[in-house]
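# Breakdown of the fold
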Amino acid sequence: MATFLYKLGQFAFRRRWFVLVGWLLALGLAGFGAATAPTTAASQFSIPGTESQRAFDLLAERFPGMSADGATARVVFKAPDGAQITQPVQKAKVEKVLAELKTAPGVQSVTDPYQTGAVSQTQAIAYTQVTYKVNAVEFNAGQREHLLETVEHGRDGGLTVEVGGDAVQAKAEGGVTEAIGVGVSAVVLLLTFGSLVAAGLPLFTALLGIGVSVAGITALSSTFEFNSTTPVLATMIGLAVGIDYALFIVSRHRSELAAGRAPLEAVGRAVGTAGSAVVFAGLTVIIALAGLAVINLPLLTKMGVAAAAAVVVAVLVALTLIPALLGLAGDKVRSRKDRKSTVHVDEEDSGLGVRWANLVLRRPVAVLLAGVVGLGVMAIPVADLTLALPDEGSQPVSTTQRKAYDLLSEGFGPGFNGTLLTVVDVSGSQAPQQAAQTVVAEIQKLKGVVAVTPPTFNQAGDTALVTVIPATNPSSPETERLVHAIRDTGSDLEAETDADLLVSGQTAVAIDLSEKLDEALVPYLALVVGLAFLLLILVFRSILVPLKAALGFLLSVLAALGAVVAVFQWGWLKDLFGLENPGPIMSMMPIFMVGVVFGLAMDYEVFLVTRMREAHVHGESPEQSVITGFQHGARVVTAAAIIMISVFAGFIGMDDAMVKMIGFGLAIAVFLDAFVVRMAIVPAVLALLGKSAWWLPGWLDKALPNVDVEGERLNTHLAEKEPEVLLRA
């Protein structure tokens, strides 16, 4: 592979304008496709294999006009102090708002609180349920703006009016955080390279790659029903790996130039060696993202595949566009000081990185114990990990969603924010009315039930809807136990009534999703780590080095999850991070962290240890190969890690608790993996293993193809060339 990439790099260098124009045309075509693509189709959220999904499917069949998954808004009214919402003056104000809501675009129904009994016992609070014809993904900014303007009109009349529901949630958007990440990246790259040109290359290529990826995703959104979060995830991952991959190739190119090689030869060697590491690092990220398909959530699968496609683009950009731009940049890719020097000196880090490596080699046991014990202590809170989807009670108190949530809890009890939609299929029952009444009576007996509405039948009379109001809030363990109790009751009653009882609604969906993700975590982790382990055996031709890499990743991700639990669930340092309401951890957080952090962790593992493997293959002792790896890779890996930490940490400043959690979790995970695992535990383990670290059974060595990541075959190929070709003219 190294020889092929060597030739590819030199081809791109020679045909630099051809390659550059080709990528610009690709960006233009992708942009044209995005601009002319039809409007994104509805992205139906589904959770195959769960009871809540079966209930939604049954509702779509038996109540075709109901829009079970339609966007909803719950508008809550509170009368001024001392007044009642049922008084004629206040009632007229409420009805004026209701009339305006009914005329809004896309509204299917608006309930009248005075007819449905949606008024609190104190007569101070009332609410209306607004249901739209489209789901929350299709709900557009114009509809959201009209809803909020209507709420404001109610406030102008003297009422306290707040609104919650998925119709109020703004779509995921990027821009500010990406700009912060790019700014920090520019500073770090400039400090690392000491050259504006060298610092600008990774940024330019990463942004171009993101442009191609996001435009392509947008162009295909209608065909594959990508949701609005998909391009945001692709941007985040594409920016991360795009900068990393370009950074490593540019750094290796500068190292080859510093060793006295001609630009063409330096580019070929850089792409042949560092490019090989880029290919395999990219494969690990692709495995982690595409592996999300095992969870069997279509939306998550599409997001993972789209992000994996962005990684493919980043790899191709690094292997072709970077050498082309290096050809255009010429000697300006080096710092001014290095260009003026007439002595060829290796510019790689011979200071702090080497001193740290020597320290670890002198005290490997102490460093290893300190790292493992420290990460183990940080991982302890994971034992108390509680998963749930965030509800509006976790929103900042300044938001209208949180205010509506609190008003409903004040007027109707905390469980009112998490009502359960129970679907009773009585198509097989001889007495459907009696069967439905029996179900209602049994549910009313359950602990934790505040109220149960009478059954509402569809036109055919074979399906009934029953709304259950719990006594506790949607994310509480008591509500989860109640959902399971209702389902157990349905199973017990099925033989007696021939009725099939299904529990759904947003609260039940959140519970089912959390359980499904929890169950999928271990298989997903096994698949991702297992495939990457096999891939790393191929790269390093060793059993123990890939095993060490996988175990180190598990340590870092568990420690990071422990930190997330301590801060966001237990509330440690919550004031420092601006967290108002500690609570359960977002259901997708563990799997999301495993996928993203695993990919980035393997990047650092491949880039750092490949240099050690390269030195070992070329005859250096195990200890010296570790020093050489740090000499050539520590500064670059450190820069890459700082860039990623800064990008992710930028999300901590957001108001949304879920965004804070993602930003904090990814930042702390990258920090722990890069600086504790890769920079401390890895060299300590290699020092203790010595030559056995690179042991591979003879039969396996013969069976595995030689991908030549360390460039041994490439060096043999180059040795046959004239010596003057390798030296600067």
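The coordinates are above.
I will try to describe carefully the structure that is included in this document. (Residues numbered from 1 in each chain as written. Predicted model: local features only at pLDDT ≥ 70, side-chain atom pairs only at ≥ 80, totals over all residues. Heavy atoms only, no water.)

### What to know about the packing of aromatic side chains
A ring pair, where both rings are aromatic, is described by two values, the distance of the centres and the angle of the planes. Under the counting rule described, the total for this entry stands at six aromatic pairs. Between the aromatic rings of Y127 and F416, the centroid separation amounts to 5.0 Å while the plane-to-plane angle is 70 degrees, which identifies the pairing as edge-to-face. With Y127 in strand β3 (residues 125–132) and F416 in the loop between α15 (400–412) and β6 (420–425), this residue pair connects regions lying 289 residues apart in the sequence. Grouping residues by exposure puts Y127 and F416 together as buried. One aromatic cluster is present, formed by Y127, F412 and F416 through successive ring pairs. (Phe/Tyr/Trp six-rings, centres within 6.5 Å; stacked < 30°, edge-to-face > 60°. Helix = DSSP H or I, 4+ residues; strand = E, 2+ residues; numbered from the N terminus. Buried < 20%, exposed > 50% of the residue type's maximum accessible area, 1.4 Å probe, protein only.)

### A few points about the pattern of salt bridges
Across all of its chains, the model carries 19 salt bridges by this definition. The salt bridge involving E478 is made with R481; its shortest N-O contact spans 3.7 Å. On the criterion of helical spacing, the pair formed by E478 and R481 is a turn pair, its members being three residues apart in helix α17 (residues 477–497). With relative accessibility at 53%, the residue R481 sits in the exposed group. Put simply, E61, R62, D425 and D462 are held in one network by salt bridges that share partners. (Salt bridge = Lys/Arg side-chain N within 4 Å of Asp/Glu carboxyl O.)

### Topic: unusual backbone geometry
We note that Q123 has phi near 65 degrees; this positive angle belongs to a residue other than glycine. Inspection of the secondary structure puts Q123 in the loop between α5 (113–116) and β3. Positive phi is not limited to glycine here, since D498 has a value of about 60 degrees. For D498, the position within the fold is in the loop between α17 and β10 (500–504).

### Structural notes on the side chain of D512
Note on placement: D512 falls in helix α18 (residues 506–540). Residue classification places D512 among the buried positions, given a relative accessible area of 5%. Ignoring any residue separated from it by four or fewer positions in sequence, one finds D512 in contact with T50, E51, S52 and R487. (Contact = heavy atoms within 4.5 Å.)

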